[in-house]
Protein chains: 2
Amino acid sequence: MSKATATAHSNIALVKYWGKRNSELMLPQNGSISMTVSDLNVNTTVEFGSFPEDSLVINNQKLNKGTEEYDDYVGIFLNVVRNVVKKDLKAKIVSESNFPIAAGLASSAAGFAALALATSKALNLPTDEKSVSILARRGSGSASRSISGGFVEWKRGEKEDGTDSVAVQIAPKDHWPEFRMLTTIVTSSAKKVKSRAGMAQTLKTCPYYKGWLESVNQDLDIVRKGIIEKDFTSVGQTSEFNALKMHATMMTTKPPIIYWMPSTLEIMQSVMAWREEGLESYFTMDAGPQVKVMCLQKDVLELKKRISELNGVQQVIECKPGDGARILDRHLF
Amino acid sequence: MSKATATAHSNIALVKYWGKRNSELMLPQNGSISMTVSDLNVNTTVEFGSFPEDSLVINNQKLNKGTEEYDDYVGIFLNVVRNVVKKDLKAKIVSESNFPIAAGLASSAAGFAALALATSKALNLPTDEKSVSILARRGSGSASRSISGGFVEWKRGEKEDGTDSVAVQIAPKDHWPEFRMLTTIVTSSAKKVKSRAGMAQTLKTCPYYKGWLESVNQDLDIVRKGIIEKDFTSVGQTSEFNALKMHATMMTTKPPIIYWMPSTLEIMQSVMAWREEGLESYFTMDAGPQVKVMCLQKDVLELKKRISELNGVQQVIECKPGDGARILDRHLF
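Residues numbered from 1 in each chain as written. Chains lettered and ligands numbered in written order. Predicted model: local features only at pLDDT ≥ 70, side-chain atom pairs only at ≥ 80, totals over all residues. Heavy atoms only, no water.

Draft legend 1. The arrangement of unusual backbone geometry in detail. Between Lys254 of chain A and the following residue, Pro255 of chain A, the backbone shows a cis peptide bond with an omega angle of -15°. One can find Pro255 of chain A in the loop between α6 (232-251) and α7 (262-277). A positive phi angle is found at Met26 of chain B, which is not glycine, with a value near 55°. Tracing the sequence through the fold places Met26 of chain B in the loop between β2 (20-22) and β3 (27-28). You can call Met26 of chain B buried: its relative accessible area is 3%. (Helix = DSSP H or I, 4+ residues; strand = E, 2+ residues; numbered from the N terminus. Buried < 20%, exposed > 50% of the residue type's maximum accessible area, 1.4 Å probe, protein only.)

Structural data, given as structure tokens:
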């Protein structure tokens, strides 16, 4: 069998990944924690064979050699795979997402998680979560977290070969089914600075990056414990603060990277004001303008209503703790 | 003579002051550089005598004992003055500004600069720039910079008694008359977190404050040299970056202090986009939502037009390098 299809969901980080210590092996500077979400998913079919060249179609758009997606992302990943199987197989990849690409909704996380699992299946490589997580990491660091469902921690690891830099489940989705992320889309445009380039630039130029690394382990401890104990205030406060810390390193990178839009800030300020009124919710943003509002199930209706009324909000997607990546029987081609 | 009137202008910092090392003497953690501006001013008349108590009127509003302005600001300053003259004189103070108070337009800087000079004159204290700068500092740190005109550096100083923590002129206003700050008002509401409380909280809780202190001396060197050489790109780039660094420490204070409004961000993003098109301008923001756009005289008309068209912009005030504080002959009462 040289053809397989997999589906994977995006994950939204509670403690963020920002910065690599090894960009070839995609080893992070710090550990991170995320929730794999129920409603943002990517399906990918891959076939290996003696094609004249690799081909890539994302959301019905063919991406050619020379594009950033083809060369820097899929091209590099496929070379990793060819190195593993010691064969010069070419790949045909077709991928479909149900949400906008490259706008801070972890499209590359879901995309490479699905691709890594489909690839492992197609080439008879191990398909256990650990092995697939390590392979997915080589495509996009945060993809390592989308292999498992529920609440997931990507361990930084210490080894130089990256074999201990792997995502593990903290708790399955049924552990805390009331936890919600209201993913609020304020633009569907692709972001100007991709995460990969942005984090490399932060490492080189940001005077606060050292402070980020010095304070992130404490965030990991608090959020991990908060998830296990289902302590929403603790998880929300620390996750929100961690997101602000990450964005603060982006803004103080040379040249500055400002992913926020006016609507991003309006949602942030509103969440803070509602919280003061007693409606407990927290915000987090990844490398893009979208805001994910953390809340509990009981407040979803009220929050969805209030968020939808804010300026510039295009869509609010209610995300629950979701499943990890899995094989599908039906192929996309 | 126990009655005097002085006028002083606001100043807008190019390298920011954020954090005290001694809150009684108002000694800063770091040096700062500002431009004293032409168009935002405060006039203050003070009279000392045997009144039953101190009285304070700002923009025709009487502020009573028990208000923050009265107790934390003017009350403390007057006690400093009484300590200097060793007399239990009471003061009657009337102050008028031509711009909104406490919204990030350096009202306290202009206010205490005018009050310090009027006080020095009324009580026959020394009225040279150095002496008045040191007295003004005791009311509000940044007020020390509004005593001199043009471009001014407030030296951090090293001494424990604060006698070397004084503002000195880098260059007079005629050195670089083409330099402009387009002060853009997006709200006239008073800010929620005053600078004094905010900076104390940052010192206590911000993981990036150490990085701020480690990197600010380099900013001071670049901006000072840029002013002397009239290198607009150098001054603009470094000032903008310094402002982002300060706001990044505010955002990563517990609880987070976010002074920006959606309009603030829209102006920032627009300035960055215009610059890419070749219209050279830079932004800076103090502890409030207003944005000051730095540019050269030749681009003022085009920028004023573009800024005025942005969402939420109420007013654009063109500020040139301005005069220092001076005595007026006409009293307000």
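Additional details are given in the paragraphs that follow.
Draft legend 2. View of the packing of helix α1 (residues 68-85) of chain A against helix α2 (residues 107-122) of chain A. All names here are of chain A. At a minimum axis separation of 12 Å, α1 and α2 run at an interaxial angle of 30°. In this view, α1 runs roughly parallel relative to α2, as classed from their interaxial angle. Along this stretch, α1 crosses α2, giving a crossing that reads as right-handed. Across the interface between the two elements, Tyr73, Val74, Phe77 and Val81 from α1 touch Phe112, Leu115, Ala116 and Thr119 from α2. Classifying every residue of the contact of α1 with α2 by side-chain character gives seven nonpolar, one polar and no charged. (Axes fitted to C-alpha atoms, helices over the stretch in contact; angles between N-to-C directions. Parallel < 35°, antiparallel > 145°, perpendicular 65-115°, else oblique. Left-handed = near helix turned anticlockwise from the far one by under 90°. Contact = heavy atoms within 4.5 Å. Nonpolar A, V, L, I, M, F, W, Y, C, P; charged D, E, K, R; others polar.)

Draft legend 3. Spatial organisation of the environment of Trp154 of chain B. Residue and element names in this part refer to chain B. Topologically, Trp154 is positioned in strand β8 (residues 151-154). On the accessibility criterion, Trp154 (0% relative accessible area) is buried. The sequence separation of Trp154 and Pro28 amounts to 126 residues, and the corresponding C-alpha distance is 9.2 Å. Looking at Trp154, its side chain comes within polar contact range of the side chain of Ser165, at 3.1 Å. (Polar contact = N/O pair within 3.5 Å; in protein donor to acceptor, adjacent residues only side chain to side chain.)

Draft legend 4. Main features of the pairing of strand β12 (residues 291-296) of chain A. All names here are of chain A. Counting buried positions over the six residues of β12 gives six, a clear majority of the element. Burial along β12 is two-sided: the residues Val291, Val293 and Cys295 and Lys292, Met294 and Leu296 are all buried. In this sheet, β12 lies alongside strand β10 (residues 179-185) in antiparallel orientation, the contact comprising six bridges. Paired with Thr184 across the strands is Val291, a residue of β12. (Pairing = 2+ DSSP bridges.)

Draft legend 5. Region of interest: the relation of the copies chain B and chain A. Superposing chain B onto chain A takes a rotation of 180° combined with a translation of 0.0 Å along the rotation axis, leaving an RMSD of 0.0 Å. When the rotation and shift are considered jointly, the pair of chain copies conforms to a two-fold rotation axis. Among all residues of chain B, the one whose C-alpha sits closest to the rotation axis is Pro262 of chain B, at a distance of 2.0 Å. Most of the interface of chain B is mirrored in chain A: 97% of its interface residues are interface residues there too. (Least-squares fit on C-alpha atoms with pLDDT ≥ 70 in both.)

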